[in-house]
Amino acid sequence: MDAHIQVNNLNVYYGRQQALKDVNIEIPKKQITVIMGPSGCGKTTLLKTFNRFLELTDGAQITGEVLVDGENIYDREVDVTEVRKAVGLLAQRPSPLPMSIFDNIVYGMHIHRMKRDRREYKAAVKHYLEIAGLWDEVQKRLHDPATSLSIGQQQRLCLARGLAVEPEIILGDEPTSALDPISSQNIESRLLDLKQNYTTVIVTHTLRQARRLADYVIYMYLGEVIEAGPAKEVFTNPKHERTKQYLEGLF
Amino acid sequence: MSETYEILTIKSNEQAEGRFTRPSVAARTRQDRAARRAFFIITLLPVALIIIVAVALLIRAWPILSAYQLSDLLFSEVWKPGEGKFGFWPFILGTVWVTVVGVVLSVPACLLVSIYLAEYAHAATRTIAKPVLDLLAAIPPVVYGVWGLLAIVPFVDDVLAPLSDRWLGSISIFAVNQPTGFGILAGGIVLAVMIAPLIISVVYEVFSTVPNDLRHASLAVGATQWQTIRNIVLPQVMPGIIAAVVLGASRALGETIAVLMVVGNVPQIPTSIFDSAYPLPALIANNYGEMMSIPLYDAALLGAALVLLVVILIFNILSTMVLQRMLRRKWA
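Residues numbered from 1 in each chain as written. Chains lettered and ligands numbered in written order. Predicted model: local features only at pLDDT ≥ 70, side-chain atom pairs only at ≥ 80, totals over all residues. Heavy atoms only, no water.

K.L.:
So what's going on with a negative patch on the surface? Residues and values would help.
P.N.:
Residues and elements named next belong to chain A. On the surface, a cluster of negative charge is made up of E65, E71, D75 and E77. Mapping E65 onto the fold places it in strand 4 (residues 60-68). A relative accessible area of 32% means that E65 is categorised as partly exposed. (Patch = residues over 30% accessible without salt bridge, like charges linked within 9 Å, V, L, I, M, F, W, Y side chains within 5 Å. Areas by Shrake-Rupley, 256 points an atom, 1.4 Å probe, with all protein chains shown as cover. Salt bridge = Lys/Arg side-chain N within 4 Å of Asp/Glu carboxyl O. Lys, Arg positive; Asp, Glu negative; His and termini not counted. Charge placed at Lys NZ, Arg CZ, Asp CG, Glu CD. Helix = DSSP H or I, 4+ residues; strand = E, 2+ residues; numbered from the N terminus. Buried < 20%, exposed > 50% of the residue type's maximum accessible area, 1.4 Å probe, protein only.)

Put into structure tokens, the structure is as follows:
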């Protein structure tokens with residue numbers, strides 16, 4: 001397997017409580033990996049180690065390695081902002097920045113000085129809003145506050161904002177759980193469109209979404225990875241009893 | 001209480017009984033209403049108190065307000081009660097100078113401290129530092145005054161004044177005209193420390209009204225923490241910071257004892273931060289009750305109190321209005 005992210009002996013503690021227990025997994029390049037499992041199993045914690053967001057939580061301690069393209073992102077010399085530029089995050093709730101739609105997209109590009117002039121920024125804004133499937137809806141109101149958008153539109157805006165800094169990996173922390181069914185479907189089809197260009201890792205608690213999106217599946221339970229493998233194998237022929245029970249909806 | 005209850009019960013019996021008008025229910029809703037009214041009246045008391053104080057001051061100051069033109073009183077520079085000259089201007093300016101110096105010294109440091117506490121500090125640091133800062137507010141003003149007298153005044157006299165004389169002497173607001181150490185700078189330094197806990201705790205609260213989602217959204221695209229604070233958090237909290245500063249200023253305006261111990265108390269028009277000054281609260285505290293045989297003296301001092309009250313009220317109302325709008329704002 002061509003692994004984009006490789007996790008070695010990863011342990012995470014919140015104070016004394018251990019949230020992740022000796023996680024060793026690989027995440028394939030340019031596919032959608034879905035992390036699933038019952039609530040409290042450490043799905044989101046694992047996801048947050050991939051863009052070093054876990055260290056924003058007071059009292060979280062991490063041991064082990066997370067390699068992105070073979071480079072440990074927890075190395076001392078690593079610049080965390082470069083990690084987060086390369087590993088974008090789509091949060092559970094859409095969080096538009098308190099500025100215009102246009103400025104939301106420009107924000108990250110501007111921070112990394114990625115474009116030279118306003119014309120380039122304008123072109124980039126159009127480009128990423130098109131990718132996120134939002135351009136037609138907002139092209140006449142680019143300078144309206146981002147909060148004036150519907151919640152589903154806001155999430156697509158957040159997707160466009162994340163893509164604008166040219167990441168290689170997209171993380172999604174239950175990115176559709178706050179959305180209505182149609183908006184959810186919209187986000188899902190964006191993610192399916194994007195997977196040929198980006199490595200995507202999605203946390204979800206809905207099995208049906210996992211089945212619709214996953215190329216590769218990681219099943220977690222109580223902080224441990226129980227089973228990981230190509231979606232076809234795991235869904236049709238789970239090796240572990242726990243995975244089987246989960247897939248059958250027994251808990 | 002029991003009396004009220006009886007009255008309520010009797011009254012409610014007169015009503016037609018329906019599903020929602022059983023006597024017990026009616027009695028309870030009436031009690032509820034009575035309680036609400038009582039609390040409302042209690043809440044009104046402080047408001048009434050302010051009005052009463054203002055009216056009382058106005059009445060007592062009336063003799064001087066009617067004897068002189070208001071503009072003469074406010075803007076005349078001479079204060080010689082024995083000769084019937086009552087100019088508030090040196091005192092108003094003294095108050096403004098000391099307050100401005102205090103706020104200017106305090107605000108930058110307070111902002112940095114609150115930003116550190118709210119945005120950077122670990123939870124553990126915060127749980128220690130916050131109570132200690134709040135403790136600063138519990139030190140009695142007179143202790144600050146003694147500290148100013150023993151530490152700040154000599155420091156200004158021995159260190160700051162010579163330095164300023166050497167390097168900044170040509171700029172008039174830094175000129176050393178009366179080298180005693182007692183003066184606006186000493187008062188301002190003491191005030192700066194006194195208002196710091198208030199400003200820090202308000203600014204800290206305002207920072208915590210900004211939801212973490214916003215910070216995370218910025219960090220997630222690879223912004224540094226400082227870029228996040230600068231671009232996202234600060235614009236959101238700006239009105240709150242202004243309100244905190246105004247709140248600190250209104251506290252400084254009224255501060256009496258600590259200031260009067262170090263400020264020199266000379267009724268003159270100050271031109272430099274090393275000059276002595278005589279703020280309004282010091283004027284009232286130093287003189288009220290003495291030399292009351294001088295005609296209109298009593299009225300003049302209470303007039304000064306009225307001026308101070310009006311200024312502080314305006315400041316407070318402004319800052320509270322801004323703060324409340326901040327805290328009530330929806331972050332959808």
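K.L.:
Lay out the interface of chain B and chain A with the relevant residues and their values.
P.N.:
Opposite the 19 residues of chain B that make contact, chain A presents 22 residues. Between chain B and chain A lies a buried interface of about 1,600 Å² when both sides are counted; carbon and sulfur atoms form 62% of it. A per-residue breakdown of the area chain B buries against chain A is headed by D213, A220 and V221 of chain B, which together make up 32% of the total. At the boundary of chain B with chain A, the tally comes to one salt bridge. Across the salt bridge formed by R93 of chain A and D213 of chain B, the nearest N and O atoms sit 3.3 Å from each other. Applying the counting rule to chain B against chain A returns three residue pairs in polar contact (both at pLDDT 80 or more). (Contact = heavy atoms within 4.5 Å. Buried area = accessible area lost by both parts, 1.4 Å probe. Polar contact = N/O pair within 3.5 Å; in protein donor to acceptor, adjacent residues only side chain to side chain.)

K.L.:
Residues and numbers for a nonpolar patch on the surface, please.
P.N.:
A contiguous nonpolar surface patch, about 670 Å² in accessible area, is contributed by F40, I41, L44, V47, I51, V55 and I59 of chain B. By the element assignment, I51 of chain B lies in helix 2 (residues 23-67).

K.L.:
Just give me the short version of the nonpolar core, but keep the residues and values in it.
P.N.:
Grouped together as the largest cluster of nonpolar side chains are 93 residues, with contacts concentrated most on I105 and L129 of chain A together with F207 of chain B. Among the elements that take part in this core, helix 7 (residues 184-208) of chain B stands out by supplying 16 residues, more than any other. Here F207 of chain B is in contact with I115, A118, E119, R215, V233, L234, V237 and I241 of chain B, once residues within four sequence places are set aside. (Core = buried A, V, L, I, M, F, W, Y, C linked by side-chain atoms within 4.5 Å.)

K.L.:
Please give an account of the packing of helix 3 (residues 101-111) of chain A against helix 6 (residues 151-163) of chain A that cites residues and values.
P.N.:
Residue and element names in this part refer to chain A. Helix 6 packs onto helix 3 with a crossing angle of 30° between their chain directions and a minimal axis gap of 7 Å. In terms of their interaxial angle, helix 3 and helix 6 are classed as roughly parallel. The hand of the helix 3/helix 6 crossing is right-handed. Of helix 6, the residues touching helix 3 (which contributes I101, N104 and I105) are L157, A160 and R161. Its residues assigned to classes, the contact of helix 3 with helix 6 shows four nonpolar, one polar and one charged. (Axes fitted to C-alpha atoms, helices over the stretch in contact; angles between N-to-C directions. Parallel < 35°, antiparallel > 145°, perpendicular 65-115°, else oblique. Left-handed = near helix turned anticlockwise from the far one by under 90°. Nonpolar A, V, L, I, M, F, W, Y, C, P; charged D, E, K, R; others polar.)

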